Every structure is written in structure tokens, then in C-alpha cells.
Amino acid sequence: MNYIADTLGVKVNTKTWLGAEKLPYYLTDRYDFKKVTLDEVECLFMKPKGELDTLTAVKKHILKVRETESLPVVLDIECMTARRRDSLIKAHIPFVAPQCHIYLPFMGIVLSERYASTKIVSETLMPSSQLLFFHYLYQRKAELHTAEAIDILSVSAMQVTRAVRQLSELGLVSTKKDGVRTVIFSNEKKRDLFERAKPHLLNPVRKKVYAENAKLIDGLPISGYTALSKLTMLGSSELRTFAFYGKVNAPGGTDILVDTMAQAEVEIWHYEPTLLSKNPKVVDVLSLIASLEVNDDVRTEQAIDELLSDLWR
């Protein structure tokens, strides 16, 4: 807070925010909260305890916080890159990165000093990295020749090379050479490795639309809670959810859900949703789990645990 006071010349007061007690656990587990007054303007500072979630998740977290108290929410971030800065500004999300950048649009303040000059590994997996990682987790063996994944994942050799580099830099896999071929491996149990990777997982859902049932594309695999209820004992949802990937014949629809009986939810994915699935009518299990919204519903958590237990039984 001294950085803000020294840089902007404003009076800064902080105190404990009692509203945090009303928030669900998944938020208090991810962030520390403070109520801050900048001169006479009150706001809430939200500081990630670990890696910052994806932009989509952060937006939802902020909306949830504002349901408790409708003050401007400011992300308090340790390190800032140009890419992250641009995405947060584009989303109009206020943030402060000490010695780097201040973006407080509700006060009319945008101040940039410098960006981190050291190389920072992206904390969120690229689509190709996630596909390669999940493909490895589905294997019964502890080692995987990356060349085997090129045709299976429909990615280029360059994409696989970049994916291996990111997974290795994040500490999710180790690498070695078998002649000229690259091998990825891990000494961890597959489930433990998946749990450790959760903060880095990409939500495969890029956006959602609601399409009329009569205009729904034939053959789309089920996803979301529709798939979760089919694969587990979880009760089915009234709204059906499907997944789509591609730029051709994209599903038409609207951003507004009006009638759960007449409409279906269509998720537009970052990658082919059945590429790793044993059943072409259902998205693969690990991608499904990565796509589900964070919540504190016990039944959902039990269903996810059931899926993972069955996968690595």
C-alpha cells in the first residue's frame, strides 16, 4: 500500500473486510481480502494466494464478491507482464502491481512504470500443452514418446515442442532423450499429478451460447453437467449442454438463456472436445473436469471424485 501512497500521493487506509466471512470457501481459499480507502474512495483489494486463475474465472470471482458488497474490486498482483496487463485492461478489471503498473479506472488512474524483464512462464496451459498433458495422464505407462502424440492430437511438431517446454517449466513433467526422440515422464501418481496441475489448467470453454433445440447441430458431444450426470450418479440438469470446436458451421445462438426446455447450452471449446475421449458422444473426462465452473457444491465434488477414482482405479 505504500507504493500507491508514494506514487499517487493519496492517503491510503486499510482494514479487515468483514464481508469475506460471507464468501464461499473457494474464494477465501484463493484470495486475501482487504477494505481499502484511497483518499475518500472505498474499494476492496483481492490478493491471490497462489497463481492467478484464468481471466474468465477471475471475472466470475469478482462478480461473486460484489454480490456481498458492491464496491470496486482491485486485484493486488505481485508480478505483471504486458500480456496480462492488456487482458485485464481490456476486461476493465482494476489492478495494482507494485513497482510496475496501477490501473484504477474508477478513479481515472492508469499509470505504467515497467514490466517484468525476466522471462515468466505462463501459468495457464496452452491448448496444445493441455492436450499433451491429458494424453499422458490417460496412459497407463509412466513414459510417453512425444512423437507419438503428434498424429493423435492433430498438432504440429513445433506445437508439441512448445507444449513439452511449458509442461517442463511448470514442473509437471520431466524430460529425457531416447536416441533423438523426446520422452516425458513423471514419478508421481497420475491423480496426484493432476491435482497439482489444477491451478494451471486451461478452461477449454472459450465462450457459451444458447441455441434453439430445433437449430442444434447434429452429433455434438455432451459436456458440462449433462456429461457429468451421464458419467456419474449426479442428478441430471434440465438444461442440456454440448461442446463445439471449429470455425466452420459455428452454432448460432444468443448470450441469453430464456427457456431451458427450448434451448440448449453450447460451449465453444479451445480444442476438439472428443480428441481424447473414448466415447465420441461425450467429452473426455479430464477436459470435462477442467471445464466445470468452480463451486462449493458437495454433490458435484463427489461426482468429480468418482470420475477420477474410476479413471485411475
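Up top you'll find the structure we're talking about.
Residues numbered from 1 in each chain as written. Predicted model: local features only at pLDDT ≥ 70, side-chain atom pairs only at ≥ 80, totals over all residues. Heavy atoms only, no water.

Draft legend 1. Up close: the overall build of the protein. Secondary structure assignment for the protein yields eleven helices and 13 strands. At 22 Å, the protein has a C-alpha radius of gyration in line with the 20 Å of a compact globule built from 313 residues. In the protein, which comprises 313 residues, the share counted as buried stands at 46%. Restricting to contacts in the protein with at least 6 residues of sequence separation, those with at least 24 account for 63%. Summing over all exposed atoms, the protein offers an accessible surface of approximately 16,800 Å²; the carbon and sulfur share of this is 50%. (Helix = DSSP H or I, 4+ residues; strand = E, 2+ residues; numbered from the N terminus. Rg over C-alpha atoms; globule rule 2.2 N^0.38 Å. Buried < 20%, exposed > 50% of the residue type's maximum accessible area, 1.4 Å probe, protein only. Contact = heavy atoms within 4.5 Å. Areas by Shrake-Rupley, 256 points an atom, 1.4 Å probe, with all protein chains shown as cover.)

Draft legend 2. Examining helix H7 (residues 157–169) more closely. Taking 1.5 Å of rise per residue, the 13 residues of H7 would be expected to cover 18 Å, and the 18 Å separating its terminal C-alpha atoms lies within 8% of that figure. Residues of H7 that are buried include every one of Val160, Ala163, Val164, Gln166 and Leu167, and no others. What you see down the axis of H7 is that its buried residues fit within an arc of 165 degrees, all on one side. Directly beyond the C-terminal end of H7, a positive phi value near 75 degrees is found at Gly171. (Expected span 1.5 Å × (residues − 1). Arc of directions from axis to C-beta.)

Draft legend 3. Unusual backbone geometry, seen in detail. Of note in the backbone geometry, Asp39 takes a positive phi value of approximately 60 degrees without being a glycine. Along the chain, Asp39 falls in the loop between strand E2 (31–38) and strand E3 (41–48). Even without being glycine, Ser154 reaches a positive phi, approximately 55 degrees. Inspection of the secondary structure puts Ser154 in the loop between helix H6 (147–153) and H7.

Draft legend 4. Region of the structure containing the packing of aromatic side chains. In total, this model carries seven aromatic pairs according to the counting rule given. Judged by centre distance (5.5 Å) and plane angle (40 degrees), the ring pair of Phe95 and Tyr103 falls under tilted. By relative accessible area, Tyr103 is classed as buried at 6%. Taken together, the ring pairs connect Phe133, Phe134, Phe194 and Trp312 into an aromatic cluster. (Phe/Tyr/Trp six-rings, centres within 6.5 Å; stacked < 30°, edge-to-face > 60°.)

Draft legend 5. Expanded view of the sheet that holds strand E9 (residues 174–178). Taken together, the three strands give an open sheet; going across it, the order is E8-E10-E9, and neighbouring strands pair in antiparallel fashion. At either margin of the open sheet sits one strand with a lone partner, and together these are strand E8 (143–145) and E9. Looking at each pair of strands side by side, their axes are set apart by 30 degrees on average, direction ignored. Two strands pair when backbone bridges link them, and E8 and strand E10 (residues 181–185) are joined in this way by three bridges, in the antiparallel orientation. Within E10, the position partnered with Glu143 by the bridge is Phe185. (Pairing = 2+ DSSP bridges. Axes fitted to C-alpha atoms, helices over the stretch in contact; angles between N-to-C directions.)

Draft legend 6. Spotlight on the sheet that holds strand E12 (residues 241–244). Strands sit in the order E11-E13-E12 across an open sheet of three strands; the sheet is mixed. The sheet terminates laterally at strand E11 (205–212) and E12, the two strands that pair on one side only. On average, each strand axis in the sheet is inclined to that of its neighbour by 30 degrees, with strand direction left out of account.

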